[in-house]
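Architecture and fold: a report
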Amino acid sequence: MWSGTPLFPEQASTMAGRVDALYFFLIAVSAFFSILIAGLIVFYAVKYRRRDPNSVGASGHGGMALEITWLVIPFVISMVIFVWGASVYFAISRPPDETINVYAVGKQWMWKFQHLDGQREINELHVPVGRPVKLIMTSEDVIHDVFVPAFRVKADVIPGRYTNLWFQPTKPGRYHLFCAEYCGTRHSGMTGEVIVMEPNDYQTWLSGGAPEGSLATTGAKLFSDLACNTCHRPDAQGRGPVLEGLFGKTITLQSGETVTIDEAYVRESILTPAAKITRGFQPIMPTFQGLVSEEQLLALVEYVKSLKTLPQMQPR
Ligand code: CUA
């Protein structure tokens, strides 16, 4: 209803309606009590105005019922806001299990997107309508922030870390993408577009030219170029842990702690290998800090993700 006014961007994701409903509820509660209180102040100021210069105000004593009323009503309202807000927050911060994953790298001053099929784009992001999309994001320099008003989603993009953002577009179209964290001189120019397409158009777009092959393929090439494969061998004869089937598993470290292998762990193990050594291995891996770019890291992460367990050897 508000889409015609510049203050209210279009609702173009499954989350937009939920965020707006909560937002309008907060506005309504605030407006109701502001008007009520302002009105009562004016009303009583007039009603009990000093009519005679010598008049003195009578002292009043509140009743218990009144005290309870103005404790209980605000308590109930604030709990409604809390529970409602928390449920919307959880929905926004927990991506569904099945998502289309796209890597995003922010840098001064552009957005780089990398699709798993190998497609890369700058300041444009093509996604299909009606499917949940998860951005796995990091920054090459300072903190940026992805903000797509029409989807009502926003998340910081932090150097040295992977953060996630997910959304499910509900209608095809082109939507603004902003950087919402001041990041230097041309912060205001760090904008882009999310292009939501019909599934067929998206497939066509996706298959149109990804010369270097999928992201995992790029990672595989890098894996051998950097000679990672001399130590991480699928046959368990290498000096490093076998990576096949590792992603998503929980492993035990030398310290006895356990850790689940996710994107952040793989990244850390490439940049600061000594940080979390798998139990039973020596801290002999050199760091690749400064040798691989953020995008190459993503390719390596995706390659490790793609390594499925080899067919089990049959004991004889
Ligand atoms: Cu990037 Cu502001």
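Being a predicted model, the structure only gives us computed values, none of them experimental. (Residues numbered from 1 in each chain as written. Predicted model: local features only at pLDDT ≥ 70, side-chain atom pairs only at ≥ 80, totals over all residues. Heavy atoms only, no water.)

**What to know about the domain arrangement of the protein chain**
How big an interface is tends to be expressed through the accessible area that disappears when the partners come together. Splitting the protein chain by domain gives domain 1 (100–206) and domain 2 (215–306). Taking only C-alpha atoms, the centre of domain 1 and the centre of domain 2 are 26 Å apart. Carbon and sulfur atoms supply 58% of the area that domain 1 and domain 2 bury against each other, a total of about 1200 Å² over both sides. Of all elements in the fold, only strand 1 (100–107), strand 2 (110–115) and strand 5 (133–139) reach the threshold of two or more residues within the side of domain 1 that touches domain 2. Split into classes, the residues belonging to the side of domain 1 that touches domain 2 amount to five nonpolar, seven polar and four charged. (Domains from an automatic or database assignment. Buried area = accessible area lost by both parts, 1.4 Å probe. Helix = DSSP H or I, 4+ residues; strand = E, 2+ residues; numbered from the N terminus. Nonpolar A, V, L, I, M, F, W, Y, C, P; charged D, E, K, R; others polar.)

**A short note on the sheet that holds strand 2**
Taken together, the five strands give an open sheet; going across it, the order is 3-2-1-5-8, and neighbouring strands pair in mixed fashion. Because the sheet does not close on itself, it has two edges, and the strands there are strand 3 (120–122) and strand 8 (163–167). Averaged over neighbouring strand pairs, the angle between their axes works out to 25° when direction is ignored. Alignment of strand 1 against strand 2, held across six bridges, turns out to be antiparallel. Within strand 2, the position partnered with Gly 106 by the bridge is Trp 111. Contacts from helix 6 (residues 294–306) reach strand 1, strand 2 and strand 5 within the one sheet, and its direction differs from that of strand 1 by about 160°. (Pairing = 2+ DSSP bridges. Axes fitted to C-alpha atoms, helices over the stretch in contact; angles between N-to-C directions. Contact = heavy atoms within 4.5 Å.)

**Details of the pattern of salt bridges**
Counting across every chain of the model gives 11 salt bridges. Lys 112 is paired through a salt bridge with Glu 140; the nearest N and O atoms lie 2.8 Å apart. Of the two residues, Lys 112 sits in strand 2 while Glu 140 sits in the loop between strand 5 and strand 6 (144–148), which places them 28 residues apart along the sequence. Judged by its relative accessible area of 34%, Glu 140 falls in the partly exposed class. For Arg 267, the salt bridge identified is with Glu 294, shortest N-O distance 2.8 Å. You can see Arg 267 sitting in helix 5 (residues 263–271) and its partner Glu 294 sitting in helix 6, a full 27 residues away along the chain. (Salt bridge = Lys/Arg side-chain N within 4 Å of Asp/Glu carboxyl O. Buried < 20%, exposed > 50% of the residue type's maximum accessible area, 1.4 Å probe, protein only.)

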